[in-house]
Amino acid sequence: MNRIILLRVVGICTATALALHAGMAFYGDLIRPNFRASDLFSGEIPPDKAKLAAAGGLASFSWDGDLLANYAAAMAADVLHRPSTEAGGRASDNKAAQGAVVAALKVSPIRPALWLTLGTLQAQAGEAVTPAVKMSYLTGSVPIDVAFSRVQIVTSSAAATDEEIKLLAQSDIRSALANRSRYEPLLIAAYVQATPQGKSLLLETTKVTDPKFNEIMRRY
């Protein structure tokens, strides 16, 4: 008799747990921000703060990789596109967004655009970006908008001194040159803002891939 009661209790607990999990998954689908890390680099507008707050409540104890990644990307976009007017507030918001990105990557690490999001936040905070940028290369391919944003991060930071990243970044630069009509002014702007190592990387790559554009770039 005791064994039957125990089995019933276990069955009820299991059914309750499954029902709660299904309910949380359904609620997560409803409130998940429709904003991915790649949207951050294509100029998409992040969700408003009310939607972020609703998603944040569930993200704090969720293991849904998509929910965590979308929430982290939306938080990062909010910090980067709608920064606080106070320096202390900007630093605090940046740290919170970095924490959300790291939490998402721990659950679902094969997200190259989200790794670049982490690097972008670190760059804004004046922190080392090389490890995060390298992971963005090693975890998969990205759309052209993300690839060009990665060029900007690499050429304006110490990441341009890393030999492995320099080799990987050449493919991003070539992708931008393949769409030269769109990215020519942006590549020139990246060159103007680049570190000496970043300028060398851009010049070395364009010299082989597009000598005419290389000559244009050297005028700046």
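Provided above is the structure to which this section pertains.
Everything quoted here is computed from the prediction, not taken from an experiment.

What counts and how
- Residues numbered from 1 in each chain as written.
- Predicted model: local features only at pLDDT ≥ 70, side-chain atom pairs only at ≥ 80, totals over all residues.
- Heavy atoms only, no water.
- Helix = DSSP H or I, 4+ residues; strand = E, 2+ residues; numbered from the N terminus.
- Buried < 20%, exposed > 50% of the residue type's maximum accessible area, 1.4 Å probe, protein only.
- Contact = heavy atoms within 4.5 Å.
- Areas by Shrake-Rupley, 256 points an atom, 1.4 Å probe, with all protein chains shown as cover.
- Axes fitted to C-alpha atoms, helices over the stretch in contact; angles between N-to-C directions.
- Parallel < 35°, antiparallel > 145°, perpendicular 65-115°, else oblique.
- Left-handed = near helix turned anticlockwise from the far one by under 90°.
- Nonpolar A, V, L, I, M, F, W, Y, C, P; charged D, E, K, R; others polar.

Asks: Hey, could you run me through the overall build of the protein chain in this one?
Replies: When its secondary structure is counted, the protein chain shows twelve helices and zero strands. Mapped from its N terminus to its C terminus, the protein chain presents α and β elements in the order α-α-α-α-α-α-α-α-α-α-α-α. The 220 residues of the protein chain split such that 44% are buried. Looking at the protein chain alone, contacts between residues at least 24 apart form 68% of all its contacts between residues at least 6 apart. If you sum the accessible surface of the protein chain, you get close to 11900 Å²; carbon and sulfur atoms cover 60% of it.

Asks: I keep staring at the packing of helix α4 (residues 65–81) against helix α6 (residues 112–124) and nothing clicks. Help me out?
Replies: Relative placement of two packed helices is described by the angle separating their axes and the distance separating the axes. Contact geometry for α4 and α6: axes closest at 11 Å, N-to-C directions at 30 degrees. Between α4 and α6, the angle falls in the class roughly parallel. As α4 runs across α6, the sense of the crossing is left-handed. Contacts between α4 and α6 pair A69, A72, A73, A76, V79 and L80 from the former with L114, T117, T120, L121 and Q124 from the latter. Looking at side-chain class alone, the contact of α4 with α6 contains eight nonpolar, three polar and no charged residues.

Asks: Before we go on, may I ask you to explain the packing of α6 against helix α7 (residues 130–138) in this structure?
Replies: At a minimum axis distance of 8 Å, the contact between α6 and α7 shows a crossing angle of 165 degrees. Here α6 is positioned roughly antiparallel relative to α7, judged by the angle of their axes. The chirality of how α6 crosses α7 is left-handed. Between α6, through P112, W115, L116, L118, G119 and Q122, and α7, the contact on the second element is made entirely by A132, V133, M135 and S136. Looking at side-chain class alone, the contact of α6 with α7 contains seven nonpolar, three polar and no charged residues.

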